[in-house]
Amino acid sequence: MFVLVALAAVVAAPALAAPCSSLLEALRPERSVWHVTPRPGEAPAIYLTFDDGPNPEWTPALLDALRDTGARATFFLIDRYITGETAPIVQRIAGEGHAIGLHSGTRRLMVTEPEELAAMLQQAAARITAITGREPCRLFRPHAGWRSEAMYDALDRIGYQLAGWTWGMWDFDWGRQRRADRLAPRLARKASDGDIIVIHDGHHENPRADRRHAPETVRRLVPELRKRPFVFRPLC
């Protein structure tokens, strides 16, 4: 009996932090999105997403890169980083046709009571709506993919989905400095229809982190994927 309990704990524990769809999603896959189902008869699509902004140092440069390459994306914003300084950046994100989702820079939300988390997300969404004039996507991306059944309970209460990303389609470079000349070729090589790519234009602990790799990766990646020929869509 002890062996069975221990085995169940080992299997279940990674589901809370796995950077891909896992046991928590197996029974109710409609509660989250990790890959977008391709649309028959339409051009293959890639979904660029950006985490941990708005960053006053690098999000504007990223928006310039998206504008110059003609790509639309989804920005997952950390509520505490939306300030008087960054509100114009949030307005620009929406004004240039990009989608906005909710994000967090802490794992604490994984153990937050559902009622409290639901209220926090609704308040964050209301702030974005007040700035942009339109509601954000009903999507929440937890920090580093750390999630729990309690978190899903909160999302169910307010009609949100959890937003993940496609396995391997991230800017993490296994401990090395993030560089566009390495990231863009890898992402381009692995890309397939419906993939959700995550790149960080901010940092969960540093609102002005050096994220120069983000705009440069976009400038290198988008033209390569257009040759295949991918289109770029927001998640909502």
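Worth saying up front: this structure is predicted, and the values here are computed from it rather than measured. (Residues numbered from 1 in each chain as written. Predicted model: local features only at pLDDT ≥ 70, side-chain atom pairs only at ≥ 80, totals over all residues. Heavy atoms only, no water.)

Visitor: So what exactly am I meant to see when it comes to the pairing of strand 7 (residues 195-200) here?
Guide: Both faces of the sheet carry side chains from a regular strand, because those side chains alternate between them. Taking burial as the measure, the six residues of strand 7 include six buried ones, the bulk of the element. Side-chain alternation along strand 7 places D195, I197 and I199 on one buried face and I196, V198 and H200 on a second face that is also buried. In this structure, strand 2 (residues 45-53) lies alongside strand 7, joined through six bridges in parallel fashion. For T49, the partnering residue across the bridge sits in strand 7 and is V198. (Buried < 20%, exposed > 50% of the residue type's maximum accessible area, 1.4 Å probe, protein only. Helix = DSSP H or I, 4+ residues; strand = E, 2+ residues; numbered from the N terminus. Pairing = 2+ DSSP bridges.)

Visitor: How do you make sense of the side chain of H200 when you look at a structure like this?
Guide: The residue H200 is located in strand 7 in this model. Ignoring any residue separated from it by four or fewer positions in sequence, one finds H200 in contact with D51, D52, D171, R178, R211, H213 and A214. (Contact = heavy atoms within 4.5 Å.)

Visitor: Would you take a moment to explain helix 4 (residues 87-95) for this structure?
Guide: Each α-helix turn comprises 3.6 residues. Residues three or four places apart therefore point the same way. Within helix 4 the residues assigned to the buried category are A87, I89, V90, I93 and A94. Projected down its long axis, helix 4 shows its buried positions confined to an angular sector of 160°, all on one face. The inward-facing, buried residues of helix 4 contact helix 3 (59-69), strand 3 (73-78), strand 4 (99-103) and helix 5 (114-132). Count one or two residues on from helix 4 and you reach G97, which has phi positive near 90°. (Arc of directions from axis to C-beta.)

Visitor: Even after reading the chapter, I still don't get unusual backbone geometry, so can you show me in this structure?
Guide: Glycine aside, residues mostly have negative phi, and peptide bonds are mostly found in the trans state. Residue P54 is reached from G53 by a cis peptide bond, and omega for that bond is 0°. Looking at where P54 falls in the secondary structure, it is placed in the loop between strand 2 and helix 3. The phi dihedral of D52 is positive, around 80°, even though this residue is not glycine. Note that D52 resides in strand 2. Take D52: its relative accessible area is 4%, and that puts it in the buried class.

Visitor: Mind showing me how you'd approach the state of the cysteines here?
Guide: What we call a disulfide is simply a covalent bond connecting the sulfur atoms of a pair of cysteines. Enumeration according to the criterion identifies one disulfide in this entry. The residue that forms a disulfide with C137 is C236, at a sulfur-sulfur distance of 1.8 Å. With the S-S bond torsion at -75°, the cross-link from C137 to C236 turns out left-handed. Pair noted here: C137 is in the loop between helix 5 and strand 5 (139-141) and C236 is in the segment after strand 8 (231-232), with a separation of 99 residues, a long-range link. By relative accessible area, C137 is classed as buried at 3%. (Disulfide = S-S within 2.5 Å.)

Visitor: Would you take a moment to explain the side chain of T49 for this structure?
Guide: Positionally, T49 belongs in strand 2. A polar contact is formed between the side chain of T49 and the side chain of R141, at a distance of 2.9 Å. In terms of polar contacts, T49 uses its side chain to reach the backbone carbonyl oxygen of I197, at 2.6 Å. Excluding its chain neighbours within four sequence positions, the residues that come into contact with T49 are T74, F76, R141, I196, I197, V198, I199 and L235. (Polar contact = N/O pair within 3.5 Å; in protein donor to acceptor, adjacent residues only side chain to side chain.)

Visitor: Can you walk me through the packing of helix 3 against helix 4 in this structure?
Guide: For any two helices packed against each other, the geometry is given by the interaxial angle and the distance between the axes. Orientation of helix 3 relative to helix 4, taken along the N-to-C sense of each, is 15°, at an axis distance of 11 Å. Viewed along their axes, helix 3 and helix 4 adopt a mutual orientation that is roughly parallel. As helix 3 runs across helix 4, the sense of the crossing is left-handed. Taking contact as the criterion, the partners of T59, P60, L63, D64 and R67 in helix 3 are, on helix 4, I89, R92 and I93. Of the residues belonging to the contact of helix 3 with helix 4, the class tally is four nonpolar, one polar and three charged. (Axes fitted to C-alpha atoms, helices over the stretch in contact; angles between N-to-C directions. Parallel < 35°, antiparallel > 145°, perpendicular 65-115°, else oblique. Left-handed = near helix turned anticlockwise from the far one by under 90°. Nonpolar A, V, L, I, M, F, W, Y, C, P; charged D, E, K, R; others polar.)

Visitor: Looking at this structure, how should I read the packing of aromatic side chains?
Guide: Here a ring pair, both rings aromatic, is described through the centre-centre distance and the interplanar angle of the planes. Applying the stated criterion across every chain yields a total of four aromatic pairs. Taken together, a centroid distance of 5.8 Å and an interplanar angle of 65° make the contact between W34 and W165 edge-to-face. Pair noted here: W34 is in the loop between strand 1 (32-33) and strand 2 and W165 is in the loop between strand 6 (161-163) and helix 7 (180-190), with a separation of 131 residues, a long-range link. Accessibility classification places W34 together with W165 in one group, the buried group. Seen in terms of ring centroids, F50 and F75 are 5.2 Å apart; in terms of plane orientation they differ by 35°. Their pairing is tilted. Of this pair, F50 sits in strand 2 while F75 is found in strand 3, placing the two residues 25 residues apart along the sequence. (Phe/Tyr/Trp six-rings, centres within 6.5 Å; stacked < 30°, edge-to-face > 60°.)

Visitor: For this particular structure, what's the right way to read the environment of A180?
Guide: On the secondary structure map, A180 appears in helix 7. Through-space distance from the C-alpha of A180 to that of R67 is 18 Å; in sequence the pair is 113 residues apart.

Just geometry here; none of it tells us what the structure is for.
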